[in-house]
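Observations on chain architecture
Next come the chains, spelled out residue by residue.
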Amino acid sequence: MRALTSHPAAPLSGAVRPPGDKSISHRAVIIGALAVGETVVRGLLEGEDVRRTIQAMRAMGVAAERVDGDENGNEWRIHGVGIGGLAPPEDVLDLGNSGTGARLLLGVLAGHPITATLTGDASLRARPMDRIAEPLVMAGARIDARRGCRLPLTVIGAAEPMPIDYRLPMASAQVKSAVLLAGLSAPGETSVVEPAPTRDHTERMLVHFGADLRVEEEPDGARRITLVGQPELAPAEIDVPADISSAAFPLVAALVVPGSEIDLPGVGMNPGRIGLIQTLRDMGAEIETSGEREAAGEPIADLRVRASALQGIEVPAERAPLMIDEYPILGVAAASARGRTVMRGLGELRVKESDRLAALAEGLAACGVGVEVEGDDLIVEGAGGPPPGGVAVATTIATRHDHRLQMSFLVMGAAAQQPVAIDHGGAIATSFPGFVDLMNNLGAKIDTEAA
Ligand code: S3P
């Protein structure tokens, strides 16, 4: 899939289920591999990122297979080997584009007495790993990195891992999860304190597998998570909800293409993930939730979205951890809103699959949208209707091989006055296989002609 062009769309309509949650899918494979016995996962995201995690677990002796003939259920069986039961991999583990896969696996490996080398694609090799290495070294792992604590790096797991009490220097669910996963192998209690709440999928899933984990509030309001080490994890059944970070693309498309109304059933509503819904509602979006329920300890709901006249607002920095992956698509919503949207505290966006703060600002500007970056804040001047779009005013959008930028600018094309072309759509498959067909089924006009 090379260049893609998205043309202004007629009203979007219909019901579509976005693919399984990426964060939960990684955790289901990894924690399932550490249980003793067979875990069943339905609705697993079969994107490239999760496939890399499956391959890595297989390389360490975990059997994982897809249930045959299950075309729509995406059902997998993971044969867990128990905590401490992973075998040393014979080859380098290549996590592709996946920061979550790499960082969570480093946590697991830190608590196993084995040596493994991890690498990834050019984007992943550019991302910081010192934030992970610091607590894992405290827990007794050795980390050998030649390139300033970036991949490729070799982890020599601790033969006798130590429980640690670690205060996260930044709001990161990946770092928190790595510490907890290392803590599974340590005797006694491992604690992580997070300054601001982040997605708690790891905590919920560990409890679902039978771990003893508690959450307390510190005097300063921070959240302290404590895990009792060396549990025997029992195999579990997991129904993976649709990924709210993927649902965000058709959701915003329906808000900004006039006359649209769509349904998105079975979407995960983890409190650490719903910042976009709150922000869009603050902007005037009509998003109805119904059918609230729970699966494998995760809240789920059905969403109905109607095209809405959005109003620019100020999005506070405290919101950032609750919608960290959604700023590219919020930028597209803001471009159609009336007035100025100010998004504060986006420093972490610079170390995602690309420097998303810079790339988003450049892409919006190329679409004729007024945009400015001030420190860690992004300011978007909304058009109060369809923004100009790409082809008439500029060139193909450079998406830096970043899946969320690729999908965001295709949504921009559906809402804009002129088509928007992106340089490449290849990264979309890391998190949202079938994105183009799903959007076109709703009424979008995305084609694969060269830009
Ligand atoms: C994720 C956490 C977030 C997010 C990423 C998935 C996770 O990263 O951006 O897409 O599954 O824990 P950080 O923890 O680095 O903020």
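Provided above is the structure to which this section pertains.
Residues numbered from 1 in each chain as written. Predicted model: local features only at pLDDT ≥ 70, side-chain atom pairs only at ≥ 80, totals over all residues. Heavy atoms only, no water.

1. Things to note about the sheet that holds strand S2 (residues 13-15)
Test applied: When DSSP finds two or more bridges between a pair of strands, those strands are recorded as paired. Each helix is a run of H or I in the DSSP string that is no shorter than four residues. Each strand is a run of E no shorter than two, and both are numbered from the N terminus. Comment: axis = line fitted to C-alpha atoms, over the contacting stretch for helices; angle = value between 0 and 180 degrees taken between N-to-C directions.
Strand order in the open sheet formed by four strands is S2-S15-S17-S16, and the pairing between neighbours is mixed. Only two strands of the sheet have a single neighbouring strand rather than two, namely S2 and strand S16 (286-295). Pairs of neighbouring strands in the sheet enclose a mean axial angle of 20°, with direction left out of account. Where strand S15 (residues 261-268) lies against strand S17 (residues 298-306), six bridges are found, and the strand directions are antiparallel. Looking at S17, one finds that valine 267 is bridged to alanine 301.

2. Some words on the sheet that holds strand S18 (residues 314-315)
Backbone hydrogen bonds are what pair the strands of a sheet, in a parallel or an antiparallel way. Spatially, S18-S19-S21-S20 is the arrangement adopted by the four strands of the open sheet, whose pairing is mixed. Looking along the sheet, the strands with just one partner apiece sit at the ends: S18 and strand S20 (370-374). Summarising the sheet, S20 and strand S21 (residues 377-383) pair through five bridges and their orientation is antiparallel. From the neighbouring strand, valine 373 faces S21, where its bridge partner is leucine 378.

3. Focus: the site of the ligand
Here is the rule we go by: Note on terminology: near, applied to a residue and a molecule or strand, indicates that one of the residue's heavy atoms is within 4 Å of it. The definition of a polar contact used here is a pair of N or O atoms within 3.5 Å, where within protein one atom must be able to donate a hydrogen and the other to accept one, and adjacent residues in sequence count solely through side-chain atom pairs. Where accessible areas are quoted, they stem from the Shrake-Rupley method and a 1.4 Å probe; at the residue level, only the protein chains shown are allowed to cover. Residue polarity is assigned by list, with Asp, Glu, Lys and Arg as charged and Ala, Val, Leu, Ile, Met, Phe, Trp, Tyr, Cys and Pro as nonpolar; anything else, Gly included, falls into the polar class.
In the vicinity of the ligand, the contacting residues are Ser23, Arg27, Thr100, Arg103, Ser172, Ala173, Gln174, Arg199, Ile324, Asp325 and Lys352. At 2.7 Å, a side-chain N or O of serine 23 approaches an oxygen atom of the ligand. Note that an oxygen atom of the ligand is positioned 2.7 Å from one of the side-chain N or O atoms of serine 172. Protein chains shield 95% of the accessible area of the ligand, which is 380 Å² for the free molecule. Taken together, the elements giving at least two residues each to the shell around the ligand come down to helix H1 (22-34), helix H3 (99-110) and helix H6 (173-183). Taken together, the residues of the shell around the ligand sort by class into two nonpolar, four polar and five charged.

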